[in-house]
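Below are the chains, spelled out letter by letter.
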Amino acid sequence: MDLKEAGIDEGISEVIVTTKSASGKLNAAPIGIITTTSEDKTKNNHFVKLYEGSKTLSNLLETNKLVANVTDDAVLFVKAAFDNLDETHFSLFSGFQVLKEAKSWILFQSVLAEESSEFYLFQLTPITVKINRKEVKAINRGLNAVIEATILATRYDVIEDEREKEELKKLMVHYAGVVKKCGGRREKEAMEILDEKCFFL
Ligand SMILES: Cc1cc2nc3c(=O)[nH]c(=O)nc-3n(C[C@H](O)[C@H](O)[C@H](O)COP(=O)(O)O)c2cc1C
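Residues numbered from 1 in each chain as written. Predicted model: local features only at pLDDT ≥ 70, side-chain atom pairs only at ≥ 80, totals over all residues. Heavy atoms only, no water.

A. How the structure looks around the site of the ligand. Not every one of the 17 residues close to the ligand is listed here, only the nearest: Asn-27, Pro-30, Lys-49, Lys-55 and Thr-56. One of the backbone N or O atoms of Lys-49 is found 2.8 Å from a nitrogen atom in the ligand. Considering the ligand on its own, with 640 Å² of exposed area, one finds that the protein chains cover 80% of that surface. Those elements giving two or more residues to the shell around the ligand turn out to be β2 (26-37), β3 (44-51), α1 (55-63) and α3 (141-156). The element that contributes the greatest number of residues to the shell around the ligand is β2, accounting for five residues. Looking at side-chain class alone, the shell around the ligand contains eight nonpolar, six polar and three charged residues. Two domains each put at least three residues into the shell around the ligand: domain 1 (4-131) and domain 2 (141-197). (Near = heavy atom within 4 Å. Polar contact = N/O pair within 3.5 Å; in protein donor to acceptor, adjacent residues only side chain to side chain. Areas by Shrake-Rupley, 256 points an atom, 1.4 Å probe, with all protein chains shown as cover. Helix = DSSP H or I, 4+ residues; strand = E, 2+ residues; numbered from the N terminus. Nonpolar A, V, L, I, M, F, W, Y, C, P; charged D, E, K, R; others polar. Domains from an automatic or database assignment.)

Okay, here's the thing in structure tokens:
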């Protein structure tokens, strides 16, 4: 199944992943879908690499399914990274809860492919795809900056080295500047939420 039309292309595609626990509790978090192309270029392989401690990891170990929700909404990325999104954001797709506003949904089955002390690598097989909206959009540096700053913010608490923490803060201040200059309303709102989470911005 070629997922290019649904927005998942070679490299790492940042999406919001929805998963369910064995007891049916829903979770949403930003995760990168890793796509590699086989040598004969006929087949794409999809993976997620999950670090210890996330709800997404425990849910996937329990239920082996995830939905990649393709969206460029900066606010959803920031909210999903820190809190769970409230139920007004969700609707149903193939019996699975998905982000109502997403441009596409891809339901994947997962198999644990590699496990180390640092991460779990799951291979993903697409089961069903739905494209809701096709939009042409130019690159916005503000959106990219929000994504970079959000990734750094999720790492801040797990880093112990003080010098590394200082470096990370400097980078985040830089990204906040890019959002101020290049971002639209949604990117600026996302950065304000991030600012409340990270007192140092
Ligand atoms: C854009 C973006 C991409 C991310 N990609 C990953 C990833 O591929 N793997 C991972 O373990 N964490 C990733 N994270 C961090 C998780 O989203 C973060 O740890 C989150 O708090 C996990 O939430 P959960 O406990 O609800 O699953 C990413 C964060 C952002 C902002």
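Let us keep going from here.
B. The packing of aromatic side chains, seen in detail. Taken as a whole and assessed by the stated rule, the structure comprises one aromatic pair. Ring geometry for Phe-93 versus Trp-105: centroids 5.2 Å apart, planes at 35°, classification tilted. Pair noted here: Phe-93 is in strand β5 (residues 90-93) and Trp-105 is in strand β7 (residues 104-115), with a separation of twelve residues, a long-range link. Each member of the pair Phe-93 and Trp-105 is classed as buried. Directly above the ring of Phe-96 sits Lys-20, whose terminal nitrogen or CZ lies 4.8 Å from the centroid. (Phe/Tyr/Trp six-rings, centres within 6.5 Å; stacked < 30°, edge-to-face > 60°. Buried < 20%, exposed > 50% of the residue type's maximum accessible area, 1.4 Å probe, protein only. Lys NZ or Arg CZ within 6 Å of the ring centre and 35° of its normal.)

C. Seen up close, the domain arrangement of the protein. The assigned domain composition of the protein is domain 1 (4-131) and domain 2 (141-197). For domain 1 and domain 2, the distance between their C-alpha centroids amounts to 22 Å. Opposite the eleven residues of domain 1 that make contact, domain 2 presents 13 residues. Between domain 1 and domain 2, the buried area comes to about 1100 Å², and carbon and sulfur atoms account for 80% of it. Three residues stand out in domain 1 for area buried against domain 2, namely Val-75, Val-78 and Phe-82, and they jointly supply 47% of the buried area on that side. (Contact = heavy atoms within 4.5 Å. Buried area = accessible area lost by both parts, 1.4 Å probe.)

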